[in-house]
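Architecture and fold: a report
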Amino acid sequence: MSRFYVTTPIYYVNAEPHLGHAYTTIVGDALTRWSRLMGNEVKYLTGTDEHGLKIQQAAQAAGQTPQEFTDEIAPKFAHAWERLNIANDDFIRTTEPRHKAAVVELLQRCYDAGDIELGVYSGKYCVACEEYYTDEELLPGDLCPIHKKLVDTYEEENYFFRLSRFQDRLLDWYAAHPGAIKPDHRANEALGLIRGGLRDFSVSRTSLDWGIPLPWDPKHVTYVWFDALTNYLSATGFGDNEQTYTDWWPVDYHLIGKDIIRHHCVYWPAMLMSAGVELPKGWGVGGWLLVDGEKMAKSGGNAVNPLELIDTVGVDGFRYYVLAETPYGTDGDFSYEGLVAKYNSDLANNFGNLAARVATVVAKKCGGIGPAPRADSPLAAAASAAFEGAQRGWNDVAPSKALDATWSLIRATNAYLETNEPWKTEPGPEVDAVMGDALEALRIVSVLAFPAVPQTAQTVWERIGFTSNIADQRLPDSAAWGGYPGGLTVTKGDSLFPRIT
Ligand SMILES: [Zn+2]
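Structure report, in brief. (Residues numbered from 1 in each chain as written. Predicted model: local features only at pLDDT ≥ 70, side-chain atom pairs only at ≥ 80, totals over all residues.)

**Focus: the overall build of the protein**
Regarding its fold elements, the protein presents 16 helices and 19 strands. For a compact globule of 501 residues, the expected C-alpha radius of gyration is about 23 Å, and the protein comes in at 25 Å, within 12% of that figure. With respect to the three principal axes, the spread of C-alpha positions in the protein is 85 × 45 × 40 Å. Out of the 501 residues in the protein, the part that is buried amounts to 47%. The long-range fraction of contacts in the protein, counting pairs at least 24 apart against all pairs at least 6 apart in sequence, stands at 76%. (Helix = DSSP H or I, 4+ residues; strand = E, 2+ residues; numbered from the N terminus. Rg over C-alpha atoms; globule rule 2.2 N^0.38 Å. Buried ≥ 20, exposed ≤ 12 C-beta atoms within 10 Å, placed from the backbone. Contact = placed C-beta atoms within 7 Å.)

**What to know about the packing of helix α11 (residues 306–324) against helix α12 (residues 336–365)**
Contact geometry for α11 and α12: axes closest at 9 Å, N-to-C directions at 80°. Classified by the angle their axes make, α11 and α12 are roughly perpendicular. Packed against α11, whose contacting residues are L309, V313, G317, Y320, Y321 and A324, the element α12 presents L339, K342, Y343, D346 and L347 at the interface. Looking at the contact of α11 with α12 residue by residue, the classes come out as eight nonpolar, one polar and two charged. (Axes fitted to C-alpha atoms, helices over the stretch in contact; angles between N-to-C directions. Parallel < 35°, antiparallel > 145°, perpendicular 65-115°, else oblique. Nonpolar A, V, L, I, M, F, W, Y, C, P; charged D, E, K, R; others polar.)

**Some points on the sheet that holds strand β12 (residues 217–222)**
Strand order across the open sheet formed by three strands is β10-β12-β11, with antiparallel pairing between neighbours. Both edges of this open sheet fall to β10 (204–205) and β11 (213–214), since each of them pairs with a single strand only. (Pairing = 2+ DSSP bridges.)

**Quick notes on unusual backbone geometry**
With an omega of 5°, the peptide bond between W249 and P250 qualifies as cis. The omega angle of the peptide bond from L475 to P476 is 5°, so this bond is cis rather than trans. On the secondary structure map, P476 appears in the loop between α16 (454–463) and β19 (488–489). At V397, a position not held by glycine, the phi torsion is positive, near 50°. Its place among the elements puts V397 in the loop between α13 (380–395) and α14 (399–420).

**Details of the packing of α13 against helix α15 (residues 429–449)**
As a packed pair, α13 and α15 sit with axes 11 Å apart at the nearest point and diverge in direction by 5°. The angle between α13 and α15 falls in the class roughly parallel. For the pair formed by α13 and α15, the contact residues are A383, A386, F387 and A390 on the first element and A441, I444 and L448 on the second. For the contact of α13 with α15, a count of residues per class yields seven nonpolar, no polar and no charged.

**Structural notes on the nonpolar core**
M271, V358, A383 and L442 are the most contacted members of the largest nonpolar core, which has 143 residues in total. It is α15 that contributes the most residues to this core, 12 residues altogether. Ignoring any residue separated from it by four or fewer positions in sequence, one finds M271 in contact with L106, C110, F161 and L229. (Core = buried A, V, L, I, M, F, W, Y, C linked by C-beta atoms within 7 Å.)

**Observations regarding the sheet that holds strand β9 (residues 201–202)**
Strand order across the open sheet formed by four strands is β6-β5-β7-β9, with antiparallel pairing between neighbours. Looking along the sheet, the strands with just one partner apiece sit at the ends: β6 (131–133) and β9. Relative to β6, strand β5 (residues 116–126) is paired through three bridges, and the arrangement is antiparallel. Of the residues in β6, the one forming a bridge with Y125 is Y132.

**Remarks on α15**
In this model α15 runs 30 Å from its N-terminal to its C-terminal C-alpha over 21 residues, within 8% of the 30 Å that 1.5 Å per residue would give. The element α15 is largely enclosed, with a buried count of 18 among its 21 residues. (Expected span 1.5 Å × (residues − 1).)

**Overview of the environment of V224**
You can see V224 is positioned in the loop between β12 and α7 (225–228). V224 sits in the buried class, given 22 other C-beta atoms within 10 Å. Between the C-alpha atoms of V224 and S408, which are 184 residues apart in sequence, the distance is 45 Å. Among all residues touching V224, those that are not within four sequence positions of it are G52 and E130.

**A look at the pairing of strand β3 (residues 41–49)**
Among the nine residues of β3, eight are classified as buried, and the element is accordingly described as predominantly covered. Both strand β1 (residues 3–7) and β3 contribute to a ladder of five bridges, which runs parallel. The residue of β3 that forms the bridge with R3 is E41. Where β3 lies against strand β4 (residues 90–93), four bridges are found, and the strand directions are parallel.

**Some words on helix α4 (residues 97–112)**
Taking 1.5 Å of rise per residue, the 16 residues of α4 would be expected to cover 22 Å, and the 22 Å separating its terminal C-alpha atoms lies within 8% of that figure. Residues of α4 that are buried: H99, A102, V103, L106, L107, C110 and Y111. Buried residues in α4, looked at end-on, bunch into an arc of 165°, giving them a common side. Two residues or fewer past α4, G114 is found with a positive phi of approximately 85°. (Arc of directions from axis to C-beta.)

Put into structure tokens, the structure is as follows:
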């Protein structure tokens, strides 16, 4: 058995979960559900980022301590992921002791390696980004390029991580590990950042006390990146449990949005090199789901609450849309109309319609008992192509391709039924053969679609007569043609995806 470790970014608790958070978290959930079907031992990690100036300020404004404030918001993320049927194996909060232990260990290693040094920093700083900007990066009038708000000028004694020393080593490493960052155009973006020259970055603040003190100089508090990024190690037991750490590290995929490429694909590997820690095996970089052409964010005023969309299209309808509509890595344009159109075409008219018509014909022509498929069914080749395409898609962190391959079997089966018109044929061996084939295709579709629409897949699984948990199926065996035994009771049930008009 292989291990497969996937992370989302930890989400900053200054705002409640929005569509952008949900997007990455659903991609990770589908990817890890697929990996479990493939028989791997999986660790899927998400969590919350709870330190920093913004939290300190937000807590103050709410009349709370930072800990009280974060204790209120963090469970909202955990709850949102439950509602979206996210099967994460761990949820890390940066205020936990296990995280502090890992941060202290990583900082000390980089300090001992001579890559963290004291200096003075003066610069223009966006509080909302927690990021200094150069004059070239700012918009005219000293406005933050993301928040379009006036930045502050800060000057203070900081420790710096000497990122500038790592340019050649990073380029060498990426040259030796092609394909580590997916998709390719995002890898080019990361390499461009490294080739463009690397500036040392600040790792501490004295102006802040909501954070983890530096182990060798506790009047400094760890600032942003050494705190946030290290969560990926903390959750493996780094700095605490050598066995679990070596079991799970290096991570298979860090799933991130394109706005944090610099931190995840440049800062983080350099920090790990300095500390003598193995680098991640992969990064999957997603685009933004844009609403009216703007990034989804609370500060932009265009936040869409994913939990409200569930009321319209259901959990699986929402999950399917974000996975299938936009190729991972490119920006998508989110709209309610687009969501409903995708739902109606792929779920109501295709998947839902196939399940309903199969159950109806089996009830009318086969006495409600599902017949066995033919070994030489014309659908067998479509099933095998669907599995191969799905496997390739998930392996490439390309959910939209994996689902298109899966849906190709749904389309082929609907076309097969329309060609054979079993509803017009007298009951007998001919109808049994066609319906056995259709049931077998539906069985395979359920398994392949499970990572995206887990609840629906389980429902279809039960309606075609199985009583087991579909999550216990194992690929590739479960995708091999001929697994439907025949003789099972088929039930119709309510519409899986009622059409939205
Ligand atoms: Zn900003």
